[in-house]
Amino acid sequence: MYNYKTLHKLINNGLCYAYMDINNSTISLDIDTRKYYDNNSGFHYIEFSENVIQFPLGENLFNFLSLPDETLCFLQNLSGENSGQWDGLHENDEEQEYLASLECIYLYILYYSFCRYTLSLPYRTSLINIKKEFDFALNFCCNTSFLPELSALSALEKYYIYNELYNDNYLTNIKKFERNGFVFLGSNTPVHELNMLERMDCSNEKYRHYNGQEPIIDKPALSPKVISELKKLNVSTTVRYQYDNLHGYLMEELYALIQLNVQVKKCGRCHKYFIPKGKYATEYCDRVLPGEKFSCKKLAAKQTRKAKVDSTPILQEYQRAYKRMYARVTAKKISQKDFKEWSDNASHERDRIIATYGSTPSIDIIASFKNYLGNR
Ligand SMILES: [Zn+2]
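About the criteria used
Residues numbered from 1 in each chain as written. Predicted model: local features only at pLDDT ≥ 70, side-chain atom pairs only at ≥ 80, totals over all residues. Heavy atoms only, no water. Helix = DSSP H or I, 4+ residues; strand = E, 2+ residues; numbered from the N terminus. Rg over C-alpha atoms; globule rule 2.2 N^0.38 Å. Buried < 20%, exposed > 50% of the residue type's maximum accessible area, 1.4 Å probe, protein only. Lys, Arg positive; Asp, Glu negative; His and termini not counted. Charge placed at Lys NZ, Arg CZ, Asp CG, Glu CD. Donors = N, O, S within 2.8 Å, 3.2 Å for Na, K, Ca; no water. Tetrahedral: all angles 85-135°; square planar, octahedral: opposite > 155°, others 65-115°. Axes fitted to C-alpha atoms, helices over the stretch in contact; angles between N-to-C directions. Parallel < 35°, antiparallel > 145°, perpendicular 65-115°, else oblique. Contact = heavy atoms within 4.5 Å. Nonpolar A, V, L, I, M, F, W, Y, C, P; charged D, E, K, R; others polar. 1 Å grid on protein atoms, 1.4 Å probe; cavity = no way out; pocket = protein on both sides within 12 Å on 5 of 7 lines; lining within 4 Å. Points joined across faces, edges and corners; volume = space filled by probe spheres on them. Expected span 1.5 Å × (residues − 1). Arc of directions from axis to C-beta. Domains from an automatic or database assignment. Pairing = 2+ DSSP bridges. Phe/Tyr/Trp six-rings, centres within 6.5 Å; stacked < 30°, edge-to-face > 60°. Lys NZ or Arg CZ within 6 Å of the ring centre and 35° of its normal.

A. Representation of the overall build of the chain. Along the backbone of the chain there are 14 helices and 7 strands. Against the globule reference of 21 Å for 376 residues, the chain gives a C-alpha radius of gyration of 31 Å, more extended than a compact globule. Once the C-alpha set of the chain is aligned to its principal axes, its extents read approximately 115 × 55 × 45 Å. Across the 376 residues that make up the chain, the buried fraction comes to 39%. Measuring between centres, the 46 positive side-chain charges of the chain sit 14 Å from its 45 negative side-chain charges.

Next up, the structure:
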């Protein structure tokens, strides 16, 4: 569960900013923040962008898609009842904790903003319909087992087809997607000296009579000290985005997954989508569910091991029969060919019995297997 006290930072000044780092497959949420300092001539501040929280790409989309319809209905009603009431403060901890527990950051930041009403919209943009549409689009493009006949195509190629076929799925169709991104230049090392420089605009005494008819093209005056400080700047460029609705955020995430040709699977244990990592095929995710000590993958492996241990009596009976038959073939009482035929059949039967025993263990199954093998 997300820590709602951390999340609280995000909602202090209206809607925060999101940006996607496609190279590192992360989504960050930032706020603009001010740092005050005293340089002996009075208080000054510098504005910079503060990263509050980071998520792996896909996480918030997958978490939203795993929310039950009842939860979405409840949230939709809650947003409707309280829409227009947000005054920049969170109402109470309990409600905030509940919204954080849904583990979809978009629901949280939209609820605590002036866009809260967009979570209460009925009909086509209701939360249930948004979930239905994104679930379908994600499966169509990124889940090989959903449309095995198109498994040779990349996610982007499948999305191209999707866009042609599903023109009325306007929340997930790229042709209808109005991107709300803007380039943002930031420095992670705020340089005080930059703020000390005289602005080359009408706020400067020198341009008091400036009427905006021409551009200002005077060079700035830079002292050696200022220049050496400015060299410490570490500027990065990002594209920030902000939406007043849920599907805008979900679309950024879905589209990034498609562009990266990410393949998703639904976890066999917690039934959430996940991105399988590593070269081994797995049907389980690495999440640790609330109340569990281990991840789904670990718990599933434990269960498989346990199932193997439980099948020990069957394996023991098989071993006994195998030794007996092997003794016969070495004593030339039966032919190699007969032994091979016996072991093929017996091992096949053994695996069949283990599978039956695994789902419904009983003494009768062991007894009938002993009988089959001719064990006493
Ligand atoms: Zn799982």
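Let's pick the thread back up.
B. View of the coordination of the zinc ion. Distances from the zinc ion to its protein donors, C267 (SG), C270 (SG), C285 (SG) and C296 (SG), fall within 2.3 to 2.4 Å. Taken together, the 4 donor atoms coordinating the zinc ion span angles of 107 to 113 degrees at the metal, a pattern that classifies the geometry as tetrahedral. Along the chain, the residues that donate to the zinc ion are spaced as C-x2-C-x14-C-x10-C. Residue C267 is located in the loop between β6 (265-266) and β7 (273-274), and its partner C285 is located in the loop between β7 and α11 (296-310); the two are separated by 18 residues in the primary sequence. A relative accessible area of 1% means that C285 is categorised as buried.

C. Region of interest: the packing of helix α3 (residues 69-82) against helix α6 (residues 127-142). As a packed pair, α3 and α6 sit with axes 8 Å apart at the nearest point and diverge in direction by 140 degrees. It follows from the interaxial angle that α3 and α6 lie oblique. Across from D69, L72, C73, L75 and Q76 in α3, the residues of α6 making contact are L127, I128 and K131. Looking at side-chain class alone, the contact of α3 with α6 contains 5 nonpolar, 1 polar and 2 charged residues.

D. Up close: the layout of surface pockets. Of the voids in this model, the largest pocket is the one considered here, and its volume is about 680 Å³. E59, N63, Y273, F274 and R287 are, among the 33 residues lining the largest pocket, the residues nearest its centre. If you list the elements that add at least two residues to the lining of the largest pocket, you get α2 (59-65) and β7. Considering each element in turn, the lining of the largest pocket owes the most residues, 3 residues, to α2. When its residues are assigned to classes, the lining of the largest pocket shows 20 nonpolar, 6 polar and 7 charged.

E. Structural context of α3. In a regular helix each residue adds 1.5 Å, so 14 residues correspond to 20 Å; α3 covers 20 Å between its end C-alpha atoms and thus fits that length. Those residues of α3 not exposed but buried are T71, L72, L75, Q76, L78, S79 and N82. Around the axis of α3, the buried residues are gathered within 165 degrees of arc, so they sit on the same side. In this structure, α3 carries E70, N77 and E81 as exposed residues pointing more than 90 degrees from its buried face. Here the buried face of α3 lies against α2, α4 (93-101), α5 (105-111) and α6. Directly after α3, the chain includes G84, whose backbone phi takes a positive value near 80 degrees.

F. A look at the domain arrangement of the chain. Splitting the chain by domain gives domain 1 (4-179 + 239-259), domain 2 (192-232) and domain 3 (311-373). Taken over C-alpha atoms, the centre of domain 2 sits 89 Å from the centre of domain 3.

G. Up close: the pairing of strand β1 (residues 17-21). Along β1, 4 of the 5 residues are buried, which leaves the element largely enclosed by surrounding structure. For β1 and strand β5 (residues 235-241), the ladder comprises 2 bridges, and the chain directions are antiparallel. The residue bridging Y19 from the neighbouring strand is R240, located in β5.

H. Here's a closer look at the packing of aromatic side chains. Summed over all chains, the structure comprises 27 aromatic pairs. An aromatic cluster is present here, built from F136, F140, F146, Y159, Y162, Y166 and Y255 joined pairwise through their rings. The ring of Y17 has R240 lying over it, and the distance from NZ or CZ to the ring centre is 3.9 Å. Here R240 stacks its cationic end above the ring of F184, 3.5 Å away from the centre of that ring.

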